[in-house]
Amino acid sequence: MKAVRHLTILGSTGTIGVNTLDVVARHPDRFHVVALTANNNAKKILEQCRRFQPRYAVMLDAAGAEWLQAEIRTAGLATEVLSGIESLEKVASLPEVDTVMAAIVGAAGIRPTFAAAGAGKRVLLANKETMVMAGRIFMDVVKHNRSTLLPIDSEHNAIFQSLPQNFSGDLGAVGVRRILLTASGGPFRQLSLSSLGEVTPGQACAHPNWVMGRKISVDSATMMNKGLEVIEAHWLFDAAPDQIQVIIHPQSIIHSMVEYVDGSVLAQLGNPDMRTPIAHALGFPERIETGVASLDMFKVARLDFEAPDFKRFPCLRLAYQALAAGGSAPAILNAANEVAVESFLKCRMPFTAIPAMIEEVMRTVFRKEIATLNDVLTADSEAREAAHEWLACLV
Ligand SMILES: NC(=O)c1ccc[n+]([C@@H]2O[C@H](COP(=O)([O-])OP(=O)(O)OC[C@H]3O[C@@H](n4cnc5c(N)ncnc54)[C@H](OP(=O)(O)O)[C@@H]3O)[C@@H](O)[C@H]2O)c1
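Just so you know, these numbers come straight off a predicted model, no measurement behind them. (Residues numbered from 1 in each chain as written. Predicted model: local features only at pLDDT ≥ 70, side-chain atom pairs only at ≥ 80, totals over all residues. Heavy atoms only, no water.)

Some thoughts on helix α10 (residues 224–237)
Consideration 1: The end-to-end C-alpha distance of α10, which contains 14 residues, comes to 20 Å, matching closely the 20 Å that a straight helix rising 1.5 Å per residue would cover.
Consideration 2: Positive phi appears at aspartate 238, one or two residues downstream of α10, with a value of about 50°. (Helix = DSSP H or I, 4+ residues; strand = E, 2+ residues; numbered from the N terminus. Expected span 1.5 Å × (residues − 1).)

Dropping the structure here:
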């Protein structure tokens, strides 16, 4: 008999949340959903409550929660509806929950993700922004509370799978020389530089290989996503920045690689489908079925690799700069990026203004040392304020 895992899925209505529930539904004997959460998509979470009958459903939005509670009552379900950030923290740290999928997008995910790690849960980390903003203190909370951290980002999950099982945070001790972090290059890898200023949100969100939420899709188009992942890899695997090599691999078949001192390079391959890393982390250390199609190597036929072009992708350079600067710099980078992406998605500024805004915010907001989560949140709000001021001057 398999032990049943009791889950909270933070951000259950998003792309990662929906894929997680898809895997969970294939294994009703292994997983029990205790709590689901959303921001304001009440209709989708209602549908999920009907299907998975969780003990709790949390919406950040109070009006949405009120509507949901009424619908839940009418449907005769026993789900308790809660709202607000404290409720997100509560369901991330419930005693009856052992595993938390952290899949809220952006800085909004940081407090519940910290709550899960602080309560010693097995944390399945999709919310890379937590690691970017607060890597050092988050890793301390994980260690101190004996939380288990399993990466969901396909690249970090691939690295995790390519490391030996006895890896305990020291790459040198297991003979690793470098991490090779792959990137598709996004939808604008070959577009002429002069056309980048005219691209629309729709074009930026049309990723060639992956189906993802809008924020991460724009991050992939600017390659800020890869920059955030470099910072995430630095903290997750204790890798020095020069041990992390970004490689453009347009087919997204190799999800990342680990190079050892003897010259061996281990890679994890598969179709670009997030259910693979999600299932790997849900079932770990066992392998479970996902419904992902077999990789057809004859159809793939070729695998290409290119060096990233920092002129085309200045956001990648800015992320390396923030990592080198340390302290609050990555939190400032992340906050400026979130404001920039949102402004671009709302057609308030062009695509090419994204790196310009981030660079200016990084230049003007004073970098500080980080000792607590509060320090991180302060840096986040200072950077957002500076970004909005910059935007006000632009429009
Ligand atoms: N999608 C991928 O393939 C992928 C791959 C690797 C890593 N990730 C990471 O996984 C995370 C989620 O990405 P995604 O693509 O699934 O995003 P998404 O589709 O936009 O979904 C985001 C989820 O977070 C919720 N949410 C948004 N703002 C919130 C707030 N202020 N407070 C509470 N909940 C909020 C949304 O609720 P509503 O639906 O109500 O808005 C939704 O459930 C991101 O950090 C991303 O970088 C994603």
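Considering the site of the ligand
Consideration 1: Residues in close proximity to the ligand total 25 residues, the closest being Thr13, Asn39, Asn40, Asn41 and Glu129.
Consideration 2: Between the ligand and glutamate 129, the relevant distance is 2.7 Å, taken from an oxygen atom to a side-chain nitrogen or oxygen of the residue.
Consideration 3: A total of 900 Å² of accessible area belongs to the ligand in isolation, and the protein chains cover 87% of it.
Consideration 4: For the shell around the ligand, the secondary-structure elements that each account for two or more residues are α1 (15–25) and α6 (128–144).
Consideration 5: When its residues are assigned to classes, the shell around the ligand shows twelve nonpolar, ten polar and three charged. (Near = heavy atom within 4 Å. Polar contact = N/O pair within 3.5 Å; in protein donor to acceptor, adjacent residues only side chain to side chain. Areas by Shrake-Rupley, 256 points an atom, 1.4 Å probe, with all protein chains shown as cover. Nonpolar A, V, L, I, M, F, W, Y, C, P; charged D, E, K, R; others polar.)

Some details on the domain arrangement of the chain
Consideration 1: Considered domain by domain, the chain is made up of domain 1 (5–151) and domain 2 (326–395).
Consideration 2: Measuring from the centre of the C-alpha atoms in domain 1 to the corresponding centre in domain 2 gives 27 Å.
Consideration 3: Contacts between domain 1 and domain 2 engage ten residues on the former and twelve residues on the latter.
Consideration 4: For the domain 1 and domain 2 pair, buried surface summed over both sides reaches about 830 Å², with 76% attributable to carbon and sulfur atoms.
Consideration 5: On the domain 1 side of the interface with domain 2, the three residues burying the most area are Val132, Met133 and Ile137, jointly 57% of the side's total.
Consideration 6: Those elements that provide at least two residues to the side of domain 1 that touches domain 2 are α5 (110–118) and α6.
Consideration 7: Grouping the amino acids of the side of domain 1 that touches domain 2 by side-chain chemistry returns seven nonpolar, one polar and two charged. (Domains from an automatic or database assignment. Contact = heavy atoms within 4.5 Å. Buried area = accessible area lost by both parts, 1.4 Å probe.)

Remarks on the pairing of strand β9 (residues 244–248)
Consideration 1: For β9, a buried count of four out of five residues is recorded, marking the element as mostly surrounded by other parts of the structure.
Consideration 2: Where strand β8 (residues 176–183) lies against β9, five bridges are found, and the strand directions are parallel. Residue pairing in the sheet places threonine 182 in a bridge with isoleucine 247 of β9. (Buried < 20%, exposed > 50% of the residue type's maximum accessible area, 1.4 Å probe, protein only. Pairing = 2+ DSSP bridges.)

Considering the environment of glycine 14
Consideration 1: Topologically, glycine 14 is positioned in the loop between β1 (5–10) and α1.
Consideration 2: Residue classification places glycine 14 among the partly exposed positions, given a relative accessible area of 28%.

Quick look at the side chain of lysine 128
Consideration 1: With respect to the secondary-structure elements, lysine 128 resides in helix α6.
Consideration 2: Judged by its relative accessible area of 4%, lysine 128 is buried.
Consideration 3: A distance of 3.1 Å separates the side chain of lysine 128 from the side chain of glutamate 229, its partner in a polar contact.

A short note on a nonpolar patch on the surface
Consideration 1: A grouping of Leu269, Met297, Leu303 and Phe305 is seen on the molecular surface, where their side chains present a nonpolar patch of about 320 Å² in accessible area.
Consideration 2: Summarising the element assignment, methionine 297 is placed in helix α12 (residues 297–300).
Consideration 3: Judged by relative accessible area, methionine 297 falls into the partly exposed class, the value being 42%. (Patch = residues over 30% accessible without salt bridge, like charges linked within 9 Å, V, L, I, M, F, W, Y side chains within 5 Å. Salt bridge = Lys/Arg side-chain N within 4 Å of Asp/Glu carboxyl O.)

Observations regarding the sheet that holds strand β4 (residues 80–83)
Consideration 1: In spatial order, the strands read β4-β3-β2-β1-β5-β6-β7; together these seven strands make up an open sheet with parallel pairing. At either margin of the open sheet sits one strand with a lone partner, and together these are β4 and β7 (148–151). Between one strand axis and the next, the sheet turns by 20° as a mean value, whatever way the strands run.
Consideration 2: Sheet topology places strand β2 (residues 31–38) next to strand β3 (residues 56–59); four bridges connect them, and they run parallel. Residue pairing in the sheet places threonine 37 in a bridge with valine 58 of β3.
Consideration 3: Along the sheet, helix α2 (residues 42–52) makes contact with β2 and β3, crossing β2 at roughly 165°.
Consideration 4: Where helix α3 (residues 62–74) meets the sheet, it contacts β3 and β4, and its direction lies at approximately 175° from that of β4. (Axes fitted to C-alpha atoms, helices over the stretch in contact; angles between N-to-C directions.)

Concerning the pattern of salt bridges
Consideration 1: This model, assessed by the stated rule, comprises 25 salt bridges.
Consideration 2: For glutamate 286, the salt bridge goes to arginine 30, with nearest N and O atoms at 3.0 Å. In this pair, glutamate 286 sits in the loop between α11 (275–283) and α12 while arginine 30 sits in the loop between α1 and β2, placing the two residues 256 residues apart along the sequence.
Consideration 3: Residue classification places glutamate 286 among the partly exposed residues on the basis of a relative accessible area of 35%.
Consideration 4: One network of salt bridges, with partners in common, ties together Lys128, Asp153, Glu155, Lys226 and Glu229.

Brief notes about the nonpolar core
Consideration 1: Counting residues in hydrophobic clusters, the biggest one holds 94 residues, and the most contacted among them are Leu333 and Ile358.
Consideration 2: Here this core takes eleven residues from helix α14 (residues 329–345), the largest share from any one element.
Consideration 3: Both domains that furnish three or more residues to this core are identified here as domain 1 (5–151) and domain 2 (326–395).
Consideration 4: What leucine 333 contacts, discounting residues up to four positions off in sequence, is Met224, Leu228, Ile231, Leu318, Ala319, Ala322, Ile358 and Met362.
Consideration 5: Judged by nonpolar contacts, the second largest core, of 36 residues, contains Leu7, Val33, Ile72 and Met274. (Core = buried A, V, L, I, M, F, W, Y, C linked by side-chain atoms within 4.5 Å.)

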